[in-house]
Amino acid sequence: MLHILVLCTGNSTRSQMAHGYLQRFAGDRAAVYSAGVETHGLNPRAVQTMADDGIDISHHTSNHVDEYAHLPFDYVITVCDSAAERCPVWIGQTNRLHHNFEDPSKVTGPDEASVMANYARIRDQIKAFSEAFVTRVASDKD
């Protein structure tokens, strides 16, 4: 079983979305965790936009990366530039990947529908990335 950590600045939105999709696509082939270099709490709009796509992340918690420093990870995936710059070094064999996603909590719009459309747009980018990652990693294991 693979162990995957998704890391973002506040572990409230992008890393939570990636956590949900990676776990969905990997199923029982991976244990997925998410954390932040800070903790900002779970973003309600992230929870809603994921629910709109059939994934429940409402039970997730916002965790600090230090909580997982003792665990070995096969992959550490940073999903924002800030986390990539501040990511601690894991001792042992770890593959680090980085893909910067726009922060939907920073995107504004004239109304709630526009804001949620931006969340959905970024969610869909994270979904595509997560599916491609799991497909690639699964094929590497075959």
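This one's a predicted model, so the numbers in the text were calculated from it and none came from an experiment.

S.K.: Just give me the short version of the pattern of salt bridges, but keep the residues and values in it.
M.R.: Within the structure shown, the criterion is met by five salt bridges. One salt bridge in this structure joins Arg45 and Glu112, with 2.7 Å as the shortest N-O distance. Pair noted here: Arg45 is in helix H2 (residues 44-51) and Glu112 is in helix H4 (residues 112-141), with a separation of 67 residues, a long-range link. When its relative accessible area of 41% is taken as the criterion, Glu112 is described as partly exposed.

S.K.: Which residues make up the sheet that holds strand S4 (residues 95-98), and what values do they have?
M.R.: Within the open sheet, the four strands sit side by side as S2-S1-S3-S4. Their pairing is parallel. Of all the strands in the sheet, the pair left with one neighbour each is strand S2 (30-36) and S4. On average, adjacent strands in this sheet sit at an angle of 20 degrees to one another, irrespective of strand direction. Summarising the sheet, strand S1 (residues 2-8) and strand S3 (residues 75-78) pair through four bridges and their orientation is parallel. Note on S3: the bridge partner recorded for Leu5 is Val76. Here helix H1 (residues 14-26) sits on the sheet in contact with S1, S2 and S3, set at roughly 180 degrees to S2.

S.K.: So what's going on with the packing of H1 against H2? Residues and values would help.
M.R.: The description of two packed helices rests on the angle between their axes and on the distance between the axes. Running from N to C, H1 and H2 cross one another at 30 degrees; their axes reach a closest spacing of 10 Å. By the angle class used here, H1 and H2 are roughly parallel. For H1 against H2, the interelement crossing comes out right-handed. Taken together, the residues of H2 that come into contact with H1 (itself represented by Met17, Gly20 and Tyr21) are Ala46, Thr49 and Met50. A breakdown of the residues in the contact of H1 with H2 according to their chemical character gives four nonpolar, two polar and no charged.

S.K.: Give a description of the pairing of S2 that names residues and reports values.
M.R.: Across the seven residues that make up S2, a large majority, six, are buried. Bridge analysis of S1 against S2 gives seven bridges, and the strand direction is parallel. Pairing of His3 across the sheet is with Ala31, part of S2. Note on the crossover from S1 through H1 to S2: the handedness is right-handed.

S.K.: Break down the nonpolar core for me, citing the residues and quoting the values.
M.R.: The biggest cluster of nonpolar side chains holds 39 residues, and the ones touching the most others in it are Ile4, Leu22, Ile77 and Phe133. In terms of residue count, H4 provides more of this core than any other element does, nine residues in total. Those residues in contact with Leu22 that sit more than four places away from it in its chain are Ile4, Val6, Gly27, Val32, Ile77, Ser130, Phe133 and Val134.

S.K.: Report on the pairing of S3, specifying residues and quantitative values.
M.R.: Of the two faces of S3, the one carrying Tyr75 and Ile77 and the one carrying Val76 and Thr78 are both buried. The pairing of S3 with S4 spans four bridges and is parallel. Following the sheet pairing, Ile77 is matched in S4 by Leu97.

S.K.: Residue-level account of H2, with values.
M.R.: For H2, the complete set of buried residues consists of Ala46, Thr49 and Met50. For H2, the angular spread of buried residues about the axis comes to 100 degrees, placing them on one side. You can read the cap of H2 off the contacts: a side-chain oxygen lies 2.7 Å from the backbone nitrogen of Arg45, and it is on Asn43.

What counts and how
Residues numbered from 1 in each chain as written. Predicted model: local features only at pLDDT ≥ 70, side-chain atom pairs only at ≥ 80, totals over all residues. Heavy atoms only, no water. Salt bridge = Lys/Arg side-chain N within 4 Å of Asp/Glu carboxyl O. Helix = DSSP H or I, 4+ residues; strand = E, 2+ residues; numbered from the N terminus. Buried < 20%, exposed > 50% of the residue type's maximum accessible area, 1.4 Å probe, protein only. Pairing = 2+ DSSP bridges. Axes fitted to C-alpha atoms, helices over the stretch in contact; angles between N-to-C directions. Contact = heavy atoms within 4.5 Å. Parallel < 35°, antiparallel > 145°, perpendicular 65-115°, else oblique. Left-handed = near helix turned anticlockwise from the far one by under 90°. Nonpolar A, V, L, I, M, F, W, Y, C, P; charged D, E, K, R; others polar. Right-handed = clockwise from strand over helix to strand, strands pointing away. Core = buried A, V, L, I, M, F, W, Y, C linked by side-chain atoms within 4.5 Å. Arc of directions from axis to C-beta. Polar contact = N/O pair within 3.5 Å; in protein donor to acceptor, adjacent residues only side chain to side chain.

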